[in-house]
Every structure is written in C-alpha cells, then in structure tokens.
Amino acid sequence: MDVERTFVAIKPDGVQRGLISEILGRFERKGFKLIALKQLRPSRDLAEKHYGVHRDRPFFEGLVEFITSGPVVAMVWEGDGVIASARTLIGATKPLEANPGTIRGDLAVNIGRNVIHGSDGIETAAFEIGLWFEPSEINDWMPSDQSWRSES
Ligand code: DAT
Ligand code: MG
C-alpha cells in the first residue's frame, strides 16, 4: 500500500456544530498522520475552484454559498491508502445513506450540510492540497510510532 496524502476539510456546519474534535479524533485514532491544519473562511474563488467539477450542477451555487459562509478547518492527512480510507471514514455523500460508524452516518442528515469533505482520488488529492495549502504549510514529520502505522 502506497503512502498517500489527502485533503480533508470540516465544512462550516461541522465547525459551527462543535464537531471539530470529534472529526479530527477519528482520523487521529485511526492512525493517520496530520501534516497540515488551518482554519480559514474560503474565498469565492477558492470555493469555485475546489468545486469546479460541479460547476454545471444545479446545487453548485448553493454549495459555494455554503462553503464560503464561515470558517472551514482544512487539513492534509498522510498514510498508507489514506485517500480511500478517509472516504470510508467519511461515508456516503447522502448522510441518510451513509453507514452508521461513518462521520456522515453518525453526525449528519442533510446532503447540503454533510459536515466534511475528502478528496476522491490521487489526482484530486494533489490538486486540492495544492489549492488550499502552500508547500511551506505542510509539515513532513516522523512520529515515534511510525512503524505501527503501516501494514507491514
Ligand atoms: P462528496 O462530498 O461525497 O465527494 P460530491 O463530490 O458528489 O460528494 O459533491 C460535493 C458536495 O456537493 C457534497 O458533499 C454535497 C453537495 N452535493 C452533492 N450532490 C448534491 C445534491 N444532489 N444536492 C445538493 N447538494 C449536493
Ligand atoms: Mg467530491
């Protein structure tokens, strides 16, 4: 399994509902490594680029309005297979269809307020990390228990 990096963001609803520690804790306890973290209110330009693939969808305008409505907690997590695993931890896009045990399954009911974003593939992850973070904001560090964090 390759060491990957993925972009994860707690959306304004997650921040305002006081779910930051709950969500961060799930990634931390899983064993992934946090290598970048900041809180920011995204600009419209950033939001439109981030959700560019959805530009022609009917929900696009509402999505951009929502994600720019307040602070977001933006993160980069690193680890073996972290891109797909983060998506598993997050759960299905529609919270009512997300499995119990997932973040959306446990903490959300509304597709337009589904608490968290996670990159959906290798290319998207690289694009989103570069969009949200300067290289100098990403910390390459070695936890003392690094060898416990991989499969072999
Ligand atoms: P995901 O966030 O699971 O990657 P996505 O990339 O398909 O889902 O969509 C991005 C976000 O857009 C999603 O988290 C919530 C919103 N969204 C998606 N489909 C929607 C819909 N049918 N109605 C309203 N919002 C929607
Ligand atoms: Mg997506």
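Data block above holds the structure.
Just so we're clear, the structure is a prediction, and the values are computed from it rather than from any experiment. Every chain is numbered independently, its residues counted from 1 as its sequence is written. Just so you know, chain letters begin at A and ligand numbers begin at 1, following the order they were written in. Only residues with pLDDT of at least 70 are given local features in this predicted model, and only at 80 or more are side-chain atom pairs given and counted; all residues enter the totals for whole chains, interfaces and linings. Excluded from the side-chain calculations are hydrogens and water; all other atoms, namely the structure's heavy atoms, are used.

So what exactly am I meant to see when it comes to helix α2 (residues 20-30) here?
Residue pairs spaced three or four apart in an α-helix point in one direction, given the helix's 3.6 residues per turn. The buried label applies to any residue whose accessible area, calculated with a 1.4 Å probe on protein chains only, is under 20% of its type's maximum; exposed applies above 50%, and partly exposed to all values in between. Think of it this way: any DSSP run of H or I at least four residues long counts as a helix, any run of E at least two long counts as a strand, and we number them from the N terminus. All of the buried residues in α2 are Ile 23, Leu 24, Gly 25, Arg 26 and Phe 27. In this description, contact between two residues means that some pair of their heavy atoms is separated by no more than 4.5 Å. On its buried side, α2 packs onto β1 (3-10), β2 (33-40), β3 (72-80), α5 (82-90), α6 (103-107) and β4 (116-118). One or two steps after α2, the chain reaches Gly 31, where phi turns positive at roughly 115°.

Hey, could you run me through the pattern of salt bridges in this one?
Opposite charge on two side chains makes pairing possible when the charged atoms of those side chains draw close. Within this document, salt bridges are pairs made up of a side-chain nitrogen of Lys or Arg and a carboxyl oxygen of Asp or Glu, the two lying within 4 Å of each other. This model, assessed by the stated rule, comprises 11 salt bridges. Where Arg 5 meets Asp 140, a salt bridge forms, and the shortest distance between an N and an O atom there is 3.4 Å. Remark: Asp 140 occurs in the segment after α7 (122-132) and Arg 5 occurs in strand β1; sequence separation between them is 135 residues. Look at Arg 5 and you get partly exposed, because its relative accessible area is 30%. Between Arg 26 and Glu 22 there is a salt bridge, with its nearest N and O atoms 2.8 Å apart.

Just checking my understanding: could you explain the site of ligand 1 for this structure?
Contacts to ligand 1 come from Lys 11, Tyr 51, His 54, Phe 59, Leu 63, Arg 87, Thr 93, Arg 104, Ile 111 and Asn 114. Lys 11 is positioned with one of its side-chain polar atoms (N or O) 3.0 Å from an oxygen atom of ligand 1. Polar contacts here mean pairs of N or O atoms no more than 3.5 Å apart (in protein, one a potential hydrogen donor and the other a potential acceptor; neighbouring residues in sequence count only if both atoms are side-chain atoms). For ligand 1, an oxygen atom lies 2.9 Å from a polar atom in the side chain of His 54. Computed with a 1.4 Å probe, the accessible areas rest on the Shrake-Rupley method; for each residue, only the protein chains presented here act as cover. For ligand 1, the accessible surface in isolation is 520 Å², of which the surrounding protein chains cover 75%. The criterion for a residue being near a molecule or strand is simple. One of its heavy atoms has to lie within 4 Å of it.

Before we go on, may I ask you to explain the nonpolar core in this structure?
The set of buried Ala, Val, Leu, Ile, Met, Phe, Trp, Tyr and Cys residues whose side-chain atoms join them within 4.5 Å is what this entry labels a nonpolar core. Core analysis: the biggest nonpolar cluster contains 22 residues, and Ile 23, Phe 27, Trp 77, Ile 103 and Ile 116 have the highest contact counts within it. When residues of this core are traced back to their parent elements, those giving at least two are β1, α2, β3, α5 and α6. A total of 5 residues in this core trace back to one element, the largest contributor, which is α5. Look past the residues within four positions of Phe 27 in its chain and what remains in contact with it is Val 8, Phe 32, Trp 77, Ala 86, Leu 89, Ile 90, Ile 103 and Ile 116. Grouped together as the second largest cluster of nonpolar side chains are 19 residues, Leu 40, Tyr 51, Phe 60 and Val 64 included.

Explain α7 here, please?
Inspection of α7 places Ala 125, Glu 128, Ile 129 and Trp 132 among the buried residues, and these make up the whole buried set. Buried residues in α7, looked at end-on, bunch into an arc of 100°, giving them a common side. Opposite the buried face of α7, at more than 90 degrees from it, the exposed residues are Glu 123, Ala 126 and Gly 130. Where the residues of α7 are buried, they touch β1, β2, α3 (44-50), β3, α5 and β4. As used here, the arc is the angular range of directions from the helix axis to the C-beta atoms.

What is the right way to read the environment of Phe 59 from this model?
Of note, Phe 59 is situated in the loop between α3 and α4 (60-67). Residue Phe 59 is classed as partly exposed on the basis of its relative accessible area of 39%. Sequence separation of Phe 59 and Gly 101 is 42 residues, and the distance between their C-alpha atoms is 27 Å.

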